[in-house]
Amino acid sequence: MSIEVADRRPADQPEPEDLRRLVGLVDHDATADPFPVLGWDALVWVVGNATQTAHFLESAFGLRLEAYSGPETGNRDHKAFVLRSGGIRFVVKGAVDPASPLVAHHDRHGDGIVDIALEVPDVDRCIAHARAQGATVLVEPHDSTDEFGTVRSAAIATYGDTRHTLVDRSRYDGPYLPGYVPRRSTYSPRAKRIIQAIDHVVGNVELGRMDHWVEFYRRVMGFQNMAEFVGDDIATDYSALMSKVVANGNHRVKFPLNEPAVSRKRSQIDEYLEFYQGPGVQHIALATSDILTAVDTLRSEGVEFLDTPATYYEDPELRARIGRVRTPVEELQKRGILVDRDEDGYLLQIFTKPLTDRPTVFFELIERHGSLGFGKGNFKALFQAIEREQAARGNL
Ligand code: FE2
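Definitions and limits used
- All residue numbers refer to position in the chain's written sequence, counted from 1.
- Whole-chain, interface and lining totals are the exception, using all residues; otherwise, since this is a predicted model, local features are given only for residues with pLDDT of at least 70 and side-chain atom pairs are given and counted only at 80 or more.
- Excluding hydrogens and water, the side-chain values take into account all heavy atoms of the structure.
- With a 1.4 Å probe rolled over the protein chains alone, any residue whose accessible area is under 20% of its type maximum counts as buried; one over 50% counts as exposed, and the rest are partly exposed.
- Helix and strand definitions here come from DSSP, where helices need a minimum of 4 consecutive H or I residues and strands a minimum of 2 consecutive E residues; each element is numbered from the N-terminal end.
- The contact definition used throughout considers only heavy atoms, calling two residues in contact when any of these lie within 4.5 Å.
- Listed donors are limited to N, O and S atoms within 2.8 Å of the metal, widened to 3.2 Å for Na, K and Ca; water is not among them, so incomplete-looking sites are possible.
- Between any two strands, at least two bridges found by DSSP are needed for them to pair.
- Throughout this description, the term nonpolar core refers to a set of buried Ala, Val, Leu, Ile, Met, Phe, Trp, Tyr and Cys residues connected via side-chain atoms within 4.5 Å.
- These domain limits were set by an automatic method or by a database of domain assignments.
- By buried area we mean the combined loss of accessible area, with a 1.4 Å probe, across both parts when two parts are placed together.
- What counts as a salt bridge is simple: a side-chain nitrogen of Lys or Arg found within 4 Å of a carboxyl oxygen of Asp or Glu.
- What qualifies as a polar contact is a pair of N or O atoms within 3.5 Å, subject to a donor-acceptor requirement within protein and to the restriction that residues adjacent in sequence count only when both atoms come from side chains.
- Following the grouping adopted for this structure description, the nonpolar residues are Ala, Val, Leu, Ile, Met, Phe, Trp, Tyr, Cys and Pro, the charged ones are Asp, Glu, Lys and Arg, and the polar ones are all others, Gly among them.
- Each residue gets a pLDDT score, which is the predictor's confidence in that residue and runs from 0 to 100.
- Orientation is described by lines fitted to C-alpha atoms, with helices fitted over the stretch in contact, and by angles between N-to-C directions that extend from 0 to 180 degrees.

A. Examining helix H2 (residues 50-59) more closely. Ala50, Thr53, Ala54, Leu57, Glu58 and Ser59 are the residues of H2 that are buried. Those residues of H2 that are buried are in contact with strand E2 (64-69), strand E3 (78-85), strand E4 (88-95) and strand E17 (362-369).

In C-alpha coordinates, the structure reads:
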(Lines give C-alpha, C1' and ligand atoms only; values in the text may rest on other atoms or scores of the structure.)
Protein backbone atom coordinates (compact mmCIF):
# COMPACT_ATOMS: atom_id res chain seq x y z
CA MET A 1 0.00 0.00 0.00
CA SER A 2 1.40 3.38 -0.91
CA ILE A 3 0.86 6.41 1.21
CA GLU A 4 0.53 9.69 -0.63
CA VAL A 5 2.28 12.65 0.88
CA ALA A 6 -0.44 15.15 1.66
CA ASP A 7 -0.30 18.45 -0.23
CA ARG A 8 -0.73 20.90 2.62
CA ARG A 9 -2.14 23.53 0.29
CA PRO A 10 -5.92 23.48 0.89
CA ALA A 11 -7.89 22.28 -2.10
CA ASP A 12 -9.27 25.68 -3.03
CA GLN A 13 -5.99 27.64 -2.77
CA PRO A 14 -4.78 29.18 -6.04
CA GLU A 15 -2.36 27.03 -8.04
CA PRO A 16 1.24 28.35 -7.89
CA GLU A 17 1.09 29.58 -11.51
CA ASP A 18 -2.21 31.38 -10.87
CA LEU A 19 -0.72 32.94 -7.77
CA ARG A 20 2.32 34.11 -9.72
CA ARG A 21 0.05 35.96 -12.13
CA LEU A 22 -2.44 37.15 -9.53
CA VAL A 23 0.01 38.85 -7.18
CA GLY A 24 3.06 39.42 -9.40
CA LEU A 25 5.66 36.98 -8.04
CA VAL A 26 9.29 36.97 -9.14
CA ASP A 27 11.83 34.13 -8.96
CA HIS A 28 13.87 34.06 -5.78
CA ASP A 29 16.01 31.49 -3.97
CA ALA A 30 15.26 31.93 -0.26
CA THR A 31 17.82 29.46 1.09
CA ALA A 32 20.32 32.19 1.98
CA ASP A 33 17.72 34.62 3.39
CA PRO A 34 18.41 35.47 7.05
CA PHE A 35 14.64 35.70 7.64
CA PRO A 36 12.95 33.50 5.02
CA VAL A 37 9.23 34.19 4.57
CA LEU A 38 6.97 31.75 2.72
CA GLY A 39 3.89 33.95 2.56
CA TRP A 40 0.94 35.36 4.48
CA ASP A 41 -0.38 33.21 7.28
CA ALA A 42 -3.33 35.31 8.42
CA LEU A 43 -4.51 38.86 8.95
CA VAL A 44 -5.92 39.09 12.47
CA TRP A 45 -8.57 41.71 13.18
CA VAL A 46 -9.79 43.02 16.49
CA VAL A 47 -13.32 44.35 16.12
CA GLY A 48 -16.22 45.48 18.27
CA ASN A 49 -18.50 42.66 17.16
CA ALA A 50 -16.72 39.64 15.69
CA THR A 51 -19.95 37.69 15.26
CA GLN A 52 -21.32 40.28 12.84
CA THR A 53 -18.02 41.16 11.13
CA ALA A 54 -17.55 37.48 10.32
CA HIS A 55 -21.01 37.40 8.78
CA PHE A 56 -20.26 40.55 6.73
CA LEU A 57 -17.07 38.98 5.36
CA GLU A 58 -19.03 35.85 4.44
CA SER A 59 -22.05 37.51 2.91
CA ALA A 60 -20.39 40.42 1.13
CA PHE A 61 -16.87 39.22 0.33
CA GLY A 62 -17.62 35.50 0.01
CA LEU A 63 -15.16 34.29 2.63
CA ARG A 64 -16.01 30.93 4.20
CA LEU A 65 -15.97 30.16 7.88
CA GLU A 66 -13.48 27.37 8.65
CA ALA A 67 -12.65 27.48 12.35
CA TYR A 68 -13.73 29.02 15.62
CA SER A 69 -12.61 29.63 19.18
CA GLY A 70 -14.86 31.02 21.92
CA PRO A 71 -16.61 30.31 25.19
CA GLU A 72 -18.05 27.04 23.83
CA THR A 73 -14.50 25.77 23.16
CA GLY A 74 -13.08 26.91 26.49
CA ASN A 75 -11.91 30.38 25.40
CA ARG A 76 -13.77 32.64 27.82
CA ASP A 77 -11.82 35.77 26.80
CA HIS A 78 -13.02 36.33 23.25
CA LYS A 79 -14.67 34.88 20.17
CA ALA A 80 -12.49 34.30 17.10
CA PHE A 81 -13.76 33.37 13.63
CA VAL A 82 -11.35 32.06 10.95
CA LEU A 83 -12.50 32.78 7.39
CA ARG A 84 -10.89 31.95 4.05
CA SER A 85 -11.18 32.73 0.37
CA GLY A 86 -8.51 31.05 -1.76
CA GLY A 87 -5.17 32.09 -0.27
CA ILE A 88 -6.74 34.72 2.00
CA ARG A 89 -7.14 33.94 5.69
CA PHE A 90 -8.76 36.45 8.06
CA VAL A 91 -9.14 35.86 11.78
CA VAL A 92 -11.73 38.13 13.39
CA LYS A 93 -11.62 38.54 17.17
CA GLY A 94 -14.01 40.29 19.52
CA ALA A 95 -13.96 40.44 23.32
CA VAL A 96 -16.44 38.39 25.36
CA ASP A 97 -14.97 39.04 28.82
CA PRO A 98 -15.31 42.75 29.69
CA ALA A 99 -11.81 42.47 31.20
CA SER A 100 -10.31 41.07 27.95
CA PRO A 101 -7.21 42.94 26.72
CA LEU A 102 -9.04 43.19 23.39
CA VAL A 103 -11.42 45.71 24.98
CA ALA A 104 -8.63 48.22 25.62
CA HIS A 105 -7.21 47.63 22.13
CA HIS A 106 -10.57 48.24 20.52
CA ASP A 107 -11.30 51.23 22.73
CA ARG A 108 -8.11 52.88 21.50
CA HIS A 109 -8.03 51.87 17.82
CA GLY A 110 -11.52 50.82 16.82
CA ASP A 111 -11.80 47.92 14.35
CA GLY A 112 -8.50 47.12 12.69
CA ILE A 113 -5.65 44.73 12.02
CA VAL A 114 -3.67 43.76 15.10
CA ASP A 115 -1.47 41.05 13.57
CA ILE A 116 0.00 40.52 10.10
CA ALA A 117 0.96 36.88 10.63
CA LEU A 118 3.51 35.40 8.23
CA GLU A 119 4.30 31.79 7.44
CA VAL A 120 7.99 31.00 7.90
CA PRO A 121 9.91 27.72 7.62
CA ASP A 122 12.10 28.33 10.70
CA VAL A 123 10.67 30.43 13.54
CA ASP A 124 13.80 30.19 15.73
CA ARG A 125 16.12 31.32 12.95
CA CYS A 126 13.88 34.32 12.16
CA ILE A 127 13.65 35.34 15.82
CA ALA A 128 17.40 34.98 16.38
CA HIS A 129 18.06 37.22 13.40
CA ALA A 130 15.36 39.72 14.36
CA ARG A 131 16.66 39.96 17.92
CA ALA A 132 20.23 40.47 16.71
CA GLN A 133 18.94 43.32 14.54
CA GLY A 134 17.25 45.02 17.47
CA ALA A 135 13.62 44.00 16.89
CA THR A 136 11.27 43.75 19.88
CA VAL A 137 10.36 40.10 20.50
CA LEU A 138 6.82 40.08 21.93
CA VAL A 139 6.39 36.29 22.13
CA GLU A 140 9.30 33.86 22.33
CA PRO A 141 9.33 30.78 20.06
CA HIS A 142 7.14 28.05 21.50
CA ASP A 143 5.16 24.96 20.46
CA SER A 144 1.37 24.66 20.64
CA THR A 145 -0.07 21.18 20.25
CA ASP A 146 -3.47 19.57 19.87
CA GLU A 147 -4.82 16.45 18.17
CA PHE A 148 -3.99 17.92 14.72
CA GLY A 149 -0.27 18.33 15.44
CA THR A 150 2.12 21.04 16.55
CA VAL A 151 2.56 24.67 15.48
CA ARG A 152 5.71 26.59 16.35
CA SER A 153 5.29 30.37 16.55
CA ALA A 154 6.66 33.62 17.97
CA ALA A 155 5.90 37.32 17.48
CA ILE A 156 7.79 40.56 16.88
CA ALA A 157 6.53 44.12 17.10
CA THR A 158 6.14 46.37 14.07
CA TYR A 159 4.58 49.86 13.68
CA GLY A 160 2.13 51.04 16.35
CA ASP A 161 0.34 48.26 18.21
CA THR A 162 0.71 45.95 15.19
CA ARG A 163 2.70 42.72 15.33
CA HIS A 164 4.01 39.98 13.09
CA THR A 165 3.34 36.52 14.43
CA LEU A 166 5.68 34.07 12.71
CA VAL A 167 4.10 30.67 12.16
CA ASP A 168 5.59 27.32 11.15
CA ARG A 169 2.62 25.03 10.48
CA SER A 170 4.57 22.32 8.63
CA ARG A 171 3.76 19.78 11.39
CA TYR A 172 0.09 20.76 11.67
CA ASP A 173 -3.05 19.64 9.84
CA GLY A 174 -5.73 21.42 11.84
CA PRO A 175 -8.08 24.11 10.57
CA TYR A 176 -6.02 27.01 11.99
CA LEU A 177 -4.15 26.80 15.30
CA PRO A 178 -4.34 24.59 18.38
CA GLY A 179 -7.35 25.67 20.41
CA TYR A 180 -9.53 26.26 17.34
CA VAL A 181 -12.19 23.81 16.23
CA PRO A 182 -13.41 23.28 12.65
CA ARG A 183 -16.61 25.20 12.07
CA ARG A 184 -18.91 25.90 9.15
CA SER A 185 -21.75 28.37 9.09
CA THR A 186 -25.25 27.94 7.72
CA TYR A 187 -24.68 30.84 5.33
CA SER A 188 -24.94 29.61 1.72
CA PRO A 189 -21.84 30.82 -0.08
CA ARG A 190 -21.80 31.93 -3.69
CA ALA A 191 -20.59 29.30 -6.12
CA LYS A 192 -17.79 31.48 -7.48
CA ARG A 193 -15.00 32.93 -5.39
CA ILE A 194 -14.46 36.63 -6.18
CA ILE A 195 -11.17 37.22 -4.34
CA GLN A 196 -8.26 34.78 -4.43
CA ALA A 197 -5.19 36.09 -2.58
CA ILE A 198 -3.72 38.88 -0.48
CA ASP A 199 -1.61 41.10 -2.73
CA HIS A 200 -0.24 43.71 -0.30
CA VAL A 201 -0.89 45.25 3.11
CA VAL A 202 -0.26 48.96 3.57
CA GLY A 203 0.88 50.59 6.79
CA ASN A 204 0.38 54.24 7.74
CA VAL A 205 3.12 55.64 9.98
CA GLU A 206 3.80 59.07 11.46
CA LEU A 207 5.40 61.99 9.64
CA GLY A 208 9.12 61.35 9.28
CA ARG A 209 8.89 57.65 10.21
CA MET A 210 8.50 56.00 6.79
CA ASP A 211 12.24 55.54 6.26
CA HIS A 212 12.62 54.14 9.77
CA TRP A 213 10.17 51.34 8.96
CA VAL A 214 11.55 50.74 5.47
CA GLU A 215 14.92 50.27 7.17
CA PHE A 216 13.31 48.01 9.82
CA TYR A 217 11.95 45.62 7.17
CA ARG A 218 15.24 45.70 5.29
CA ARG A 219 17.41 45.06 8.34
CA VAL A 220 15.20 42.77 10.44
CA MET A 221 13.38 40.76 7.76
CA GLY A 222 15.73 41.07 4.79
CA PHE A 223 13.01 42.70 2.66
CA GLN A 224 14.03 44.71 -0.39
CA ASN A 225 12.85 48.05 -1.65
CA MET A 226 10.57 47.78 -4.67
CA ALA A 227 11.06 50.41 -7.33
CA GLU A 228 7.76 52.18 -6.87
CA PHE A 229 7.67 55.10 -4.49
CA VAL A 230 5.81 58.36 -4.20
CA GLY A 231 8.00 61.30 -3.30
CA ASP A 232 7.75 65.06 -3.20
CA ASP A 233 6.83 65.26 -6.88
CA ILE A 234 3.39 63.72 -6.41
CA ALA A 235 3.03 64.16 -2.69
CA THR A 236 2.59 67.84 -2.17
CA ASP A 237 -0.27 68.67 -4.50
CA TYR A 238 -2.27 65.50 -4.89
CA SER A 239 -1.61 62.59 -2.62
CA ALA A 240 -0.61 64.28 0.65
CA LEU A 241 1.45 61.21 1.39
CA MET A 242 4.88 59.80 0.77
CA SER A 243 5.13 56.09 0.08
CA LYS A 244 7.79 53.41 -0.32
CA VAL A 245 7.35 49.68 -0.82
CA VAL A 246 9.30 46.78 0.67
CA ALA A 247 8.83 43.11 -0.25
CA ASN A 248 10.22 39.70 0.56
CA GLY A 249 12.43 37.98 -2.00
CA ASN A 250 9.72 36.57 -4.30
CA HIS A 251 7.31 39.52 -3.74
CA ARG A 252 4.68 37.29 -2.14
CA VAL A 253 4.59 39.66 0.85
CA LYS A 254 4.57 43.34 -0.07
CA PHE A 255 4.36 46.20 2.41
CA PRO A 256 3.84 49.73 1.08
CA LEU A 257 4.51 52.21 3.90
CA ASN A 258 2.93 55.66 3.90
CA GLU A 259 3.68 58.78 5.88
CA PRO A 260 1.79 62.08 5.67
CA ALA A 261 3.22 64.76 3.42
CA VAL A 262 2.99 68.42 4.26
CA SER A 263 0.48 69.70 1.73
CA ARG A 264 -2.13 72.34 1.10
CA LYS A 265 -4.80 70.34 2.86
CA ARG A 266 -4.94 67.96 5.76
CA SER A 267 -3.46 64.65 4.76
CA GLN A 268 -5.62 61.52 4.54
CA ILE A 269 -2.81 59.82 6.48
CA ASP A 270 -3.17 62.38 9.26
CA GLU A 271 -6.88 61.61 9.40
CA TYR A 272 -6.10 57.90 9.75
CA LEU A 273 -3.45 58.49 12.44
CA GLU A 274 -5.89 60.62 14.43
CA PHE A 275 -8.78 58.15 14.33
CA TYR A 276 -6.69 54.98 14.73
CA GLN A 277 -4.71 56.84 17.41
CA GLY A 278 -1.37 55.93 15.91
CA PRO A 279 0.21 53.91 13.12
CA GLY A 280 -1.59 50.89 11.74
CA VAL A 281 -2.80 49.00 8.69
CA GLN A 282 -4.46 51.35 6.20
CA HIS A 283 -5.58 48.98 3.48
CA ILE A 284 -5.48 45.37 2.37
CA ALA A 285 -5.24 44.72 -1.34
CA LEU A 286 -7.14 41.60 -2.40
CA ALA A 287 -6.15 40.00 -5.70
CA THR A 288 -8.94 39.03 -8.06
CA SER A 289 -8.88 37.43 -11.49
CA ASP A 290 -12.16 39.14 -12.45
CA ILE A 291 -12.46 42.63 -11.04
CA LEU A 292 -15.62 43.45 -13.04
CA THR A 293 -17.56 40.59 -11.46
CA ALA A 294 -16.01 41.25 -8.06
CA VAL A 295 -17.09 44.91 -8.06
CA ASP A 296 -20.58 44.10 -9.36
CA THR A 297 -21.03 41.40 -6.72
CA LEU A 298 -19.74 43.54 -3.86
CA ARG A 299 -21.89 46.53 -4.90
CA SER A 300 -24.96 44.31 -4.98
CA GLU A 301 -24.07 43.29 -1.40
CA GLY A 302 -23.94 46.94 -0.35
CA VAL A 303 -20.17 47.48 -0.30
CA GLU A 304 -19.33 51.09 -1.19
CA PHE A 305 -16.40 52.10 -3.36
CA LEU A 306 -14.69 55.44 -3.80
CA ASP A 307 -16.09 57.35 -6.74
CA THR A 308 -13.78 58.06 -9.63
CA PRO A 309 -14.45 61.36 -11.40
CA ALA A 310 -15.72 61.10 -15.00
CA THR A 311 -12.84 63.38 -15.94
CA TYR A 312 -10.44 60.52 -15.13
CA TYR A 313 -11.79 58.53 -18.08
CA GLU A 314 -12.31 61.53 -20.35
CA ASP A 315 -8.68 62.62 -19.97
CA PRO A 316 -7.10 62.05 -23.40
CA GLU A 317 -3.83 61.29 -21.62
CA LEU A 318 -5.42 58.27 -19.93
CA ARG A 319 -5.65 56.15 -23.08
CA ALA A 320 -2.13 57.16 -24.07
CA ARG A 321 -0.87 56.30 -20.59
CA ILE A 322 -2.53 52.91 -20.27
CA GLY A 323 -2.15 51.70 -23.87
CA ARG A 324 -3.94 48.47 -24.80
CA VAL A 325 -6.11 47.09 -22.00
CA ARG A 326 -8.18 43.93 -22.49
CA THR A 327 -11.22 45.33 -20.65
CA PRO A 328 -13.13 48.10 -22.48
CA VAL A 329 -12.58 51.45 -20.77
CA GLU A 330 -16.38 51.94 -20.80
CA GLU A 331 -16.77 48.89 -18.54
CA LEU A 332 -14.13 50.25 -16.18
CA GLN A 333 -15.76 53.70 -16.13
CA LYS A 334 -19.19 52.20 -15.39
CA ARG A 335 -17.69 50.78 -12.18
CA GLY A 336 -15.09 53.42 -11.31
CA ILE A 337 -12.16 51.04 -11.78
CA LEU A 338 -8.73 52.66 -12.17
CA VAL A 339 -5.98 51.58 -14.58
CA ASP A 340 -2.23 51.96 -14.38
CA ARG A 341 0.62 50.70 -16.54
CA ASP A 342 4.33 50.25 -16.07
CA GLU A 343 7.05 48.63 -18.19
CA ASP A 344 5.91 45.12 -17.15
CA GLY A 345 2.20 45.41 -17.90
CA TYR A 346 -0.93 46.95 -16.46
CA LEU A 347 -3.19 46.64 -13.44
CA LEU A 348 -6.82 47.40 -12.62
CA GLN A 349 -7.69 48.58 -9.13
CA ILE A 350 -10.48 50.07 -7.02
CA PHE A 351 -10.76 51.07 -3.37
CA THR A 352 -13.65 50.61 -0.96
CA LYS A 353 -14.71 53.30 1.45
CA PRO A 354 -13.60 52.66 5.06
CA LEU A 355 -15.12 49.38 6.26
CA THR A 356 -15.61 50.46 9.83
CA ASP A 357 -17.15 53.32 11.77
CA ARG A 358 -13.87 55.20 12.05
CA PRO A 359 -12.31 56.44 8.76
CA THR A 360 -9.44 53.96 8.97
CA VAL A 361 -9.03 50.56 7.31
CA PHE A 362 -10.34 49.77 3.82
CA PHE A 363 -9.90 47.21 1.03
CA GLU A 364 -8.46 47.49 -2.45
CA LEU A 365 -9.32 45.07 -5.25
CA ILE A 366 -6.50 44.54 -7.73
CA GLU A 367 -6.37 42.61 -11.02
CA ARG A 368 -2.81 42.41 -12.31
CA HIS A 369 -1.85 41.90 -15.94
CA GLY A 370 1.92 41.76 -15.65
CA SER A 371 2.41 45.01 -13.75
CA LEU A 372 4.36 44.70 -10.51
CA GLY A 373 3.33 48.20 -9.39
CA PHE A 374 0.74 49.61 -7.01
CA GLY A 375 -1.04 52.22 -9.14
CA LYS A 376 1.26 55.19 -8.68
CA GLY A 377 -0.18 56.76 -11.84
CA ASN A 378 -3.61 56.78 -10.19
CA PHE A 379 -2.54 58.65 -7.09
CA LYS A 380 -3.67 62.00 -8.40
CA ALA A 381 -7.13 60.79 -9.47
CA LEU A 382 -7.54 58.62 -6.42
CA PHE A 383 -6.62 61.19 -3.84
CA GLN A 384 -8.84 63.82 -5.37
CA ALA A 385 -11.67 61.34 -4.81
CA ILE A 386 -10.56 60.61 -1.24
CA GLU A 387 -10.38 64.30 -0.45
CA ARG A 388 -14.00 64.75 -1.51
CA GLU A 389 -15.01 62.03 0.97
CA GLN A 390 -12.83 63.56 3.68
CA ALA A 391 -14.42 66.96 3.08
CA ALA A 392 -17.89 65.39 3.35
CA ARG A 393 -16.92 64.10 6.81
CA GLY A 394 -15.71 67.56 7.80
CA ASN A 395 -12.13 66.38 8.25
CA LEU A 396 -10.34 68.31 5.53
FE1 FE2 B 1 -2.67 49.40 -2.50
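Moving on from the model shown.
B. Representation of the coordination of the iron ion in the model. Those protein atoms acting as donors to the iron ion are His200 (NE2), His283 (NE2) and Glu364 (OE), and they sit at 2.0 to 2.2 Å. Classification of His200 as buried rests on a relative accessible area of 2%. Its relative accessible area of 1% is what places Glu364 among the buried residues.

C. Expanded view of the pairing of strand E1 (residues 39-46). Judged by how many residues are buried, E1 sits mostly within the fold: 8 of 8 residues are covered. With 7 bridges joining them, E1 and strand E5 (residues 112-119) adopt antiparallel strand pairing. When the sheet's bridge partners are listed, Leu43 is paired in E5 with Ile116. Pairing of E1 with E4 involves 4 bridges; the strand directions are parallel. Paired with Trp45 across the strands is Val92, a residue of E4.

D. Representation of the nonpolar core within the structure. Within the largest apolar cluster, 81 residues are counted, with the highest numbers of intra-cluster contacts made by Phe61, Ile116 and Leu365. If one sorts the elements of this core by residue count, helix H5 (residues 210-221) sits on top with 7 residues. Taken domain by domain, the makeup of this core includes at least three residues from each of domain 1 (14-185) and domain 2 (197-393). Setting aside residues no more than four positions away along its own chain, Ile116 makes contact with Trp40, Ala42, Leu43, Tyr159, Thr162, Arg163, His164, Thr165, Val201, Phe255 and Val281. Formed by 12 residues, the second largest nonpolar core is a distinct cluster that contains Val44, Ala80, Leu102 and Tyr180.

E. Geometry of the domain arrangement of the protein. For the protein, the assigned domains read domain 1 (14-185) and domain 2 (197-393). One C-alpha centre belongs to domain 1, the other to domain 2; they are set 24 Å apart. Both faces considered, domain 1 and domain 2 share a buried interface measuring about 4,200 Å² in area, 68% of it formed by carbon and sulfur atoms. By the criterion of area lost to domain 2, the three top residues of domain 1 are Trp40, Phe61 and Tyr159, representing 19% of everything that side buries. Taken together, the connections running from domain 1 to domain 2 amount to 0 salt bridges. Taken together, the connections running from domain 1 to domain 2 amount to 15 residue pairs in polar contact (both at pLDDT 80 or more). Residue assignment for the side of domain 1 that touches domain 2 shows that the elements contributing at least two residues are helix H1 (16-23), E1, H2, E4, helix H3 (101-109), E5, helix H4 (123-132) and strand E7 (149-157). Per-element tally for the side of domain 1 that touches domain 2: the top contributor is H3, with 5 residues. Class assignment for the residues of the side of domain 1 that touches domain 2 results in 25 nonpolar, 15 polar and 5 charged.

F. View of the confidence of the model for the protein. Chain-level statistics for the protein give a pLDDT mean of 90 and a share of 93% at 70 or above. Contacts from residues 1-8, a stretch scored under 50 in pLDDT, to residues over four places away or in other chains number 4 contacts.

G. Fine view of the sheet that holds E1. The mixed open sheet is built from 9 strands, whose spatial order is E6-E7-E8-E5-E1-E4-E3-E2-E9. In this open sheet, the two edge strands, each paired with only one partner strand, are strand E6 (137-146) and strand E9 (181-182). The sheet strands contacting H2 are E2, E3 and E4, and the helix crosses E3 at an angle near 10°. Where H3 meets the sheet, it contacts E1, E3, E4 and E5, and its direction lies at approximately 100° from that of E4.

H. Structural detail: the sheet that holds strand E16 (residues 345-351). Strand order in the open sheet formed by 8 strands is E11-E12-E13-E10-E14-E17-E16-E15, and the pairing between neighbours is mixed. Whereas interior strands pair on both sides, the edge strands pair on one side only; in this sheet they are strand E11 (224-230) and strand E15 (338-342). Taking each pair of neighbouring strands and ignoring which way they run, the sheet shows an average axis angle of 25°. When strand E10 (residues 197-204) meets strand E14 (residues 280-287), the two strands line up antiparallel, connected through 7 bridges. Counterpart to Gly203 in the pairing with E14 is Val281. Its contacts with the sheet put H5 on E11, strand E12 (241-247) and strand E13 (254-260), and the angle it makes with E12 is roughly 0°.

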